[in-house]
Amino acid sequence: MKKSEALRQIKKLCGERATEARFECALYSRDLAPVPALLVDPLFKTVPDLVVCPTGAEEVAEILRLAGAAGIPVTPRAGASTVYFDSVPARGGIVIDLNLIKGVLELDEEMMTVTVKAGTTWSELERYLNARGYAPKSVPSSAPASSIAGWLCMMGYGIGSLKYGSLLSQVKWAEVVLPDGEIRQVTPDTDPPLAWFAASEGTLGIITKLNIEIRRQTPMKHFLLHSRALSEIAGVLTAVKDAEITPYNLHFTDEACVRAMSRQGIAPGSVDSGCLLAVDYEGSEAELHRAEEMITALVTGKKAVSLLPGEVAEREWEERYKSLKLKRSGPSELGGEVFLPVSRLENYLSDIKRLAGRYGLEMCSYGHVATPERMIIMTMFFADETRVFEYIMDLSLVKKIQDVGQRHGGYPYGVGLWNTPYLGRIFKVSELEQLRARKKKLDPKGIMNPGKLYKWHPMLNPFNFSLGMNVLAGIRRFVRGGGRG
Amino acid sequence: MTSEAKSLFTTLEREALICGRCGYCRNSCPVYRVLGWESATPRGKISLAKEIFSKGNSKALTDEFVQRVAQCTLCGACAEACSTCIDTRTLWLELRRRIAGLGRTPKAYHALRENLLAHKNISTFSNDDRLEWAQDLEDEPEGLELKAGAEVCYFVGCVSSFFPQAAQIPLAVTQLLMEAGVDFTTMGGEEWCCGFPLLSTGFADDAREFTRHNVSKIKELDIHTLVASCASCYHVWKHECLSELAGYDLEILHTTEYLARLVKEGRFALNELEEVVTYHDPCDLGRNSGVYDAPREILRSIPGIEFVELEHNREDSLCCGGGGNLQSVDAELAAEITGLRVEEIKETGAGIVVSSCQQCEQMLSTAVRKAGLPVRVMDISELLLEAIG
């Protein structure tokens, strides 16, 4: 089928829910990352030819059949709340906006599951469940924007993961439209299994519905610990993480971040230095009581650690989705998100401090513990995207952050387009081969979200990328000066 | 970011750069919820504003963009959701001002401006007819018009003054003030539009002329307490007249605040009303001015009333669709937004939905009628009057 004919039929299918207008399509060519057009446009065609908003799996299936017949690339998109261009086209084609596939279908109080459509945001699900005395087991830290299916398509770790595991472990089944248009219900035991779609970044099909385990909404208790000594707070973090009662959320903020918040007037409890550790528990009153005793004992035994007032800790919890508030000091922010071994936090931060000093800027780190072994840590610095050339030089430091992460056993959290040069760090060769085999099996025509996850763009091959970024970083240091180190 | 918190707004250029495009604003935006396109999201509009104003790409200032900027109710829900604390309501006003400055204002806005400049009110009637609604009072109080030194000046607002379907509001407020024995007056024909329609269409300088006039008249009358029944008028008096009022002692209250005070003082004998009542928070009174408790206190003070909250309430309230002059550029979109709110009203099972803004009352009345719901839409002053019997 000719491309034009396929597009015509898809437009007819979706009617007013399809648009080719440049004004509209251009807005689907970006996510959170403000990457200069100068870098993007020569390599990728990020503006789609068509944006469609289907209302259900059948419509998605028909769109995929037509797109497949004409070999048109398809990029699924919902919240578009990542920074890796996961939901931005690399080769034009069709963007399938899943935001109309929204709503809760069924709450099964006996099985303690909820069936929810793909485009529902996590905050919307949380609100629905809370009104009925239930809650999601875990939520992404971008819950107000992140969609149910979108989070599964990423790695699915966030607030609550430490206690309840990854989202994948909570999903009973998912309805998926495969690239050939077949609608399948996948479970951990089907072929293909559910696990293939987790962290697949929309490259194997489009998830339209999920059945997820839920929990009863229980009381919470929030603690916010402060210390001037990183080693002390890191010690508490490990002790709390490994204690008998697992926290629901364990969030760390480093000294540079505290200083930046203080300058902006938003530091909790008006602290102006040191590190913070937010520890949040949920459970029975008895559990919360034991947790409180444990935290009190921990703090009592450490003179260098103090407990901030309860209302400050509660406010910090209420602000849990607003980590971007620091951006007011930017106006732009650049950074790297590293899936880091918890045990290496201190060493990682020490090297980040050295890196920041070398380039004469402040790098702020914060993140939450995702599993007993790893945490998702964001290290960011302020930049100004209106100064394009300086900004491009600043971009090179993102690689430097990832290099520090790698030295400590970390790797980028998520791949998308921009982290493809790190594929060799994220996956073992055998894992990557396995992923590519899955892709070939389910999407032999390669229409689903091409350019992401499996292979780098020739210009972004690890050697070129590394060389380019290192040269830019060198120029940056030479031109803009640096500090010690 | 609500008006209760200090606005962190700097400049349009900088705020547009600060936006992190996180999309938290997306689902809170009533316009996006109806239209469903990225260009209708606050982040989409700010993204384009960044191109145009922060990066100087004037080509991005298209007619489609101007239309999207006009398709906003200024409800402030996006400001509440914003992860970078952008005072988006101020940002939208500034954006409309810039667009007007570049001569790209929608035609409907020009017509509105010309009418306002000619009549000093949003109707086409003479401003001298401002108190026509008072003819329906059984006993017109003494000093209803321009009484110097009155304890209270009731700022009626254009909609209540000129639109017959809203006349019940000033009638109710007036009767309540009389019942409570309050010494009050109005500005009569000297009351000009509060300026909000001009401010919200980008004509801030013209709006200033209106606020200056109203403030000077209040000072001339030696008034020290002003009560407004329109949420937008109240918002303008409270937040946009600060420089004109500098050094002058004027207490500015919404009718809900003043009536709640009178109720607390026991100035009304309230009879029992066996009704299930829900309350719709007007954006300019609630989210944008921080007044949530006063109307709820009034409702709870009326014996027999079973008060039920709407699913989205207080800071989280949904707009009625009538704000931001949206009706003048896209009446259909405004009506669809009202439809979202009516669905929630239906869910409560309430027999009465109360609001405290004539625009909200008009929007909701039309939509409830269209939906065939057995629900009465009332201003809180009307319900209170009914309770007095």
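Engineer: Is there a simple way to think about the overall build of chain B in this case?
Structural biologist: Looking only at helices and strands, chain B has 19 helices and 8 strands in total. In terms of overall dimensions, chain B is globule-like: its C-alpha atoms have a radius of gyration of 20 Å, near the 21 Å expected for 389 residues. With the C-alpha coordinates of chain B rotated into their principal frame, the extents come out at 60 × 45 × 35 Å. Residue burial in chain B is summarised as follows: out of 389 residues, 64% are buried. Residue pairs in contact within chain B that sit at least 24 positions apart in sequence constitute 77% of those at least 6 positions apart. Element-wise, carbon and sulfur atoms account for 47% of the exposed surface of chain B, whose accessible area totals about 14400 Å². Taking the average place of the 38 positive charges on the side chains of chain B and the average place of its 58 negative ones, the gap between the two points comes to 11 Å.

Engineer: Sorry, what's going on with the environment of Ser200 of chain A here?
Structural biologist: All names here are of chain A. Position of Ser200 relative to the elements: it lies in the loop between strand S9 (183–186) and strand S10 (206–216). Relative accessible area serves as the criterion here: at 4%, Ser200 is assigned to the buried category. Counting along the chain gives 252 residues from Ser200 to Lys452, while the straight-line C-alpha distance between them is 9.4 Å. Beyond its immediate chain neighbours, meaning those up to four positions away, Ser200 contacts Cys153 and Leu453.

Engineer: Could you clarify how one ought to interpret the nonpolar core in this entry?
Structural biologist: One broad rule of soluble globular proteins: the nonpolar side chains tend to lie buried together. If you look at the biggest cluster of nonpolar residues, it comprises 107 residues, and the most contacted ones within it are Phe65, Leu95, Ile218, Trp237, Leu250, Phe268 and Leu383 of chain B. With residues up to four places along the chain from it excluded, the contact list for Leu383 of chain B reads Leu273, Val277, Leu299, Ile302, Ile305, Ile352, Val354 and Met378 of chain B.

Engineer: Which parts of the structure should I look at to understand the domain arrangement of chain B?
Structural biologist: Think of interface size as the accessible area that goes away when the parts come together; that is how it is often given. Residues and elements named next belong to chain B. The domains assigned to chain B are domain 1 (12–105), domain 2 (108–261) and domain 3 (269–388). The interface is formed by 32 residues belonging to domain 2 together with 26 residues belonging to domain 3. In total, domain 2 and domain 3 occlude about 2300 Å² of area from one another, counting both sides; carbon and sulfur atoms represent 67% of this. Broken down residue by residue, the surface that domain 2 buries against domain 3 is led by Ile169, Leu176 and Thr256, which jointly contribute 22%. On inspection of domain 2 and its partner domain 3, the count reaches 7 residue pairs in polar contact (both at pLDDT 80 or more).

Engineer: What's the story with the packing of helix H9 (residues 168–179) of chain B against helix H19 (residues 380–388) of chain B in this structure? I'm lost.
Structural biologist: When two helices pack together, their arrangement is given by the angle between their axes and by how far apart the axes lie. All names here are of chain B. Closest axis-to-axis distance for the H9/H19 pair is 8 Å, and the angle between their directions is 50°. With respect to each other, H9 and H19 are oriented oblique. For H9 against H19, the interelement crossing comes out left-handed. Note on element contacts: H19 touches H9 through Ser381, Glu382, Leu384, Leu385 and Ile388, opposite Gln168, Ile169, Ala172, Val173, Gln175, Leu176 and Glu179.

Engineer: Explain the domain arrangement of chain A to me, please; I cannot follow it from the model alone.
Structural biologist: Residue and element names in this part refer to chain A. Along its sequence, chain A is carved into domain 1 (3–99), domain 2 (101–216), domain 3 (220–412) and domain 4 (420–480). Taken over C-alpha atoms, the centre of domain 1 sits 22 Å from the centre of domain 4. Contacts between domain 1 and domain 4 engage 18 residues on the former and 10 residues on the latter. It is Leu43, Val74 and Arg91 that lose the most area in domain 1 upon contact with domain 4, and together they represent 35% of the buried surface on that side. Summed over the shared surface of domain 1 and domain 4, the number is 7 residue pairs in polar contact (both at pLDDT 80 or more).

Engineer: I'm lost on the packing of aromatic side chains in this one. Help?
Structural biologist: Aromatic rings in a pair are described by how distant their centres are and how their planes are angled relative to each other. Using the criterion set out here, one finds 13 aromatic pairs over all chains in the structure. When the centroid spacing of 5.2 Å and the interplanar angle of 80° are considered together, the rings of Trp122 of chain A and Trp151 of chain A count as edge-to-face. Here Trp122 of chain A is found in helix H5 (residues 122–130), whereas its partner Trp151 of chain A is found in helix H6 (residues 148–153), with 29 residues between them in sequence. Judged by its relative accessible area of 5%, Trp151 of chain A is buried. One aromatic cluster is present, built from ring pairs that chain together Tyr157, Phe339, Tyr411 and Tyr413 of chain A. Taking NZ or CZ as reference, Arg113 of chain B lies 5.0 Å from the ring centre of Phe203 of chain B, over its face.

Engineer: I keep staring at the sheet that holds strand S3 (residues 74–77) of chain A and nothing clicks. Help me out?
Structural biologist: Across a sheet, strands are paired by hydrogen bonds formed along the backbone, either parallel or antiparallel in direction. All names here are of chain A. The strand order across the open sheet formed by 4 strands is S1-S2-S4-S3, and the pairing between neighbours is mixed. Edge positions in the open sheet fall to strand S1 (18–19) and S3, since each of these has one partner strand only. By the bridge criterion, 3 bridges tie strand S2 (residues 50–52) to strand S4 (residues 94–97) in an arrangement that is parallel. The residue of S4 that forms the bridge with Val52 is Ile96. Taken strand by strand, helix H1 (residues 3–14) contacts S1, S2 and S4, and its axis lies near 30° from that of S2.

Engineer: What am I meant to see in the interface of chain A and chain B here?
Structural biologist: Taken together, the contacts link 41 residues of chain A with 40 residues of chain B. Counting the surface lost from both chain A and chain B, the interface buries some 3000 Å², and carbon and sulfur atoms represent 52% of this. When residues of chain A are sorted by the area they lose upon contact with chain B, Phe23, Arg127 and Arg328 of chain A head the list and together hold 27% of the total. Where chain A packs against chain B, one counts 7 salt bridges.

Engineer: I tried to follow the sheet that holds strand S2 (residues 184–186) of chain B on my own but got confused; where do I start?
Structural biologist: Residue and element names in this part refer to chain B. Reading across from one edge, S2-S1-S3-S4 is the order of the 4 strands in this open sheet, with parallel pairing throughout. Strands with a single pairing partner mark the edges of an open sheet, and in this sheet they are S2 and strand S4 (251–254). Strand-to-strand twist across the sheet, computed as the mean angle between neighbouring axes with direction ignored, equals 30°. With 3 bridges joining them, strand S1 (residues 152–155) and strand S3 (residues 225–228) adopt parallel strand pairing. Counterpart to Cys153 in the pairing with S3 is Leu226.

Engineer: In this structure, what is going on with the packing of helix H3 (residues 42–54) of chain B against helix H4 (residues 63–70) of chain B? I would like to understand it.
Structural biologist: Residues and elements named next belong to chain B. At a minimum axis distance of 11 Å, the contact between H3 and H4 shows a crossing angle of 130°. The orientation of H3 with respect to H4, classified from their angle, is oblique. When the axes of H3 and H4 are compared, the crossing they make is left-handed. Across from Lys45, Leu48, Ala49 and Ile52 in H3, the residues of H4 making contact are Phe65, Arg68 and Val69. Class assignment of the residues belonging to the contact of H3 with H4 gives a composition of 5 nonpolar, no polar and 2 charged.

Engineer: Before we go on, may I ask you to explain the side chain of Arg296 of chain B in this structure?
Structural biologist: Residue and element names in this part refer to chain B. By secondary structure assignment, the location of Arg296 is in helix H15 (residues 293–301). There is a polar contact of 2.7 Å between the side chain of Arg296 and the side chain of Glu309. In this structure, Arg296 is in contact with Tyr279, Asp281, Phe307, Glu309, Asn313 and Arg314, ignoring residues within four places of it in sequence.

Engineer: Is there a simple way to explain the pattern of salt bridges in this structure?
Structural biologist: Two side chains of opposite charge can pair, provided their charged atoms sit close to one another. Taken as a whole and judged by the stated rule, the model has 59 salt bridges over all chains. Close ionic contact of Glu20 of chain A with Lys11 of chain A constitutes a salt bridge, the shortest N to O distance being 2.9 Å. Residue Glu20 of chain A is classed as partly exposed on the basis of its relative accessible area of 42%. When its relative accessible area of 28% is taken as the criterion, Lys11 of chain A is described as partly exposed. The salt bridge involving Arg97 of chain B is made with Glu94 of chain B; its shortest N-O contact spans 3.0 Å. Linking Arg97 of chain B with Glu94 of chain B, this pair stays in helix H6 (residues 88–101), spanning 3 residues, or about one helical turn. For Arg97 of chain B, a relative accessible area of 37% translates into the label partly exposed. Judged by its relative accessible area of 16%, Glu94 of chain B falls in the buried class.

What counts, and where the lines are drawn
- The numbering scheme is per chain: residues are counted from 1 as the chain's sequence reads.
- Numbering of ligands from 1 and lettering of chains from A proceed in the order in which they are written.
- Selection of residues for local features in this predicted model requires a pLDDT of at least 70, selection of side-chain atom pairs for listing and counting requires 80 or more, and totals for whole chains, interfaces and linings are taken over all residues.
- Side-chain descriptors were evaluated using all non-hydrogen atoms of the structure, hydrogens and water having been removed beforehand.
- Helix and strand labels come from DSSP, where a helix needs a run of H or I of at least four residues and a strand needs a run of E of at least two; each type is numbered from the N terminus.
- Both definitions apply: the radius of gyration is a C-alpha atom measure, and the globule rule equals 2.2 Å times residues to the power 0.38.
- Only protein chains enter the accessibility calculation, which uses a 1.4 Å probe. A residue is then buried if its area is under 20% of the maximum for its type, exposed if over 50%, and partly exposed in between.
- Should any heavy atoms of two residues lie within 4.5 Å, those residues are considered in contact.
- Here the accessible surface of atoms and residues is derived via Shrake-Rupley with a 1.4 Å probe, and residues count as covered only by protein chains that are part of the display.
- Working convention for charge: Lys and Arg count positive, Asp and Glu count negative, and His plus the chain ends are omitted.
- By convention, the point assigned to a charge is CZ for Arg, NZ for Lys, CD for Glu and CG for Asp.
- We call a set of buried Ala, Val, Leu, Ile, Met, Phe, Trp, Tyr and Cys residues a nonpolar core when their side-chain atoms join them within 4.5 Å.
- Those domain boundaries reflect an automatic or database domain assignment.
- Two parts placed together each lose some accessible area under a 1.4 Å probe, and the buried area is that loss summed for both.
- N or O atoms within 3.5 Å of each other form a polar contact, as long as, within protein, one can give a hydrogen and the other can take it, and as long as residues adjacent in sequence are counted only when both atoms are side-chain atoms.
- An axis is simply a line fitted to the C-alpha atoms; with a helix, the fit covers only the stretch in contact. Between two such axes, the angle follows the N-to-C directions and lies from 0 to 180 degrees.
- Orientation labels follow simple angle bins: below 35 degrees gives roughly parallel, above 145 gives roughly antiparallel, 65 to 115 gives roughly perpendicular, and whatever is left gives oblique.
- By convention, the crossing between two helices is left-handed when the near helix turns anticlockwise from the far helix through less than a right angle, and right-handed when the turn is clockwise.
- Pairing of aromatic side chains requires ring centres within 6.5 Å, counting the rings of Phe and Tyr and the six-membered ring of Trp. Pairs whose planes differ by under 30 degrees are stacked, by over 60 edge-to-face, and all others tilted.
- By definition here, charges over rings are those cases where NZ of Lys or CZ of Arg is within 6 Å of the ring centre and within 35 degrees of the ring normal.
- Only when DSSP finds a minimum of two bridges between them are two strands counted as paired.
- Any Lys or Arg side-chain nitrogen located within 4 Å of an Asp or Glu carboxyl oxygen qualifies as a salt bridge.
- Residues are grouped as follows: Ala, Val, Leu, Ile, Met, Phe, Trp, Tyr, Cys and Pro are nonpolar; Asp, Glu, Lys and Arg are charged; every other residue, Gly included, is polar.

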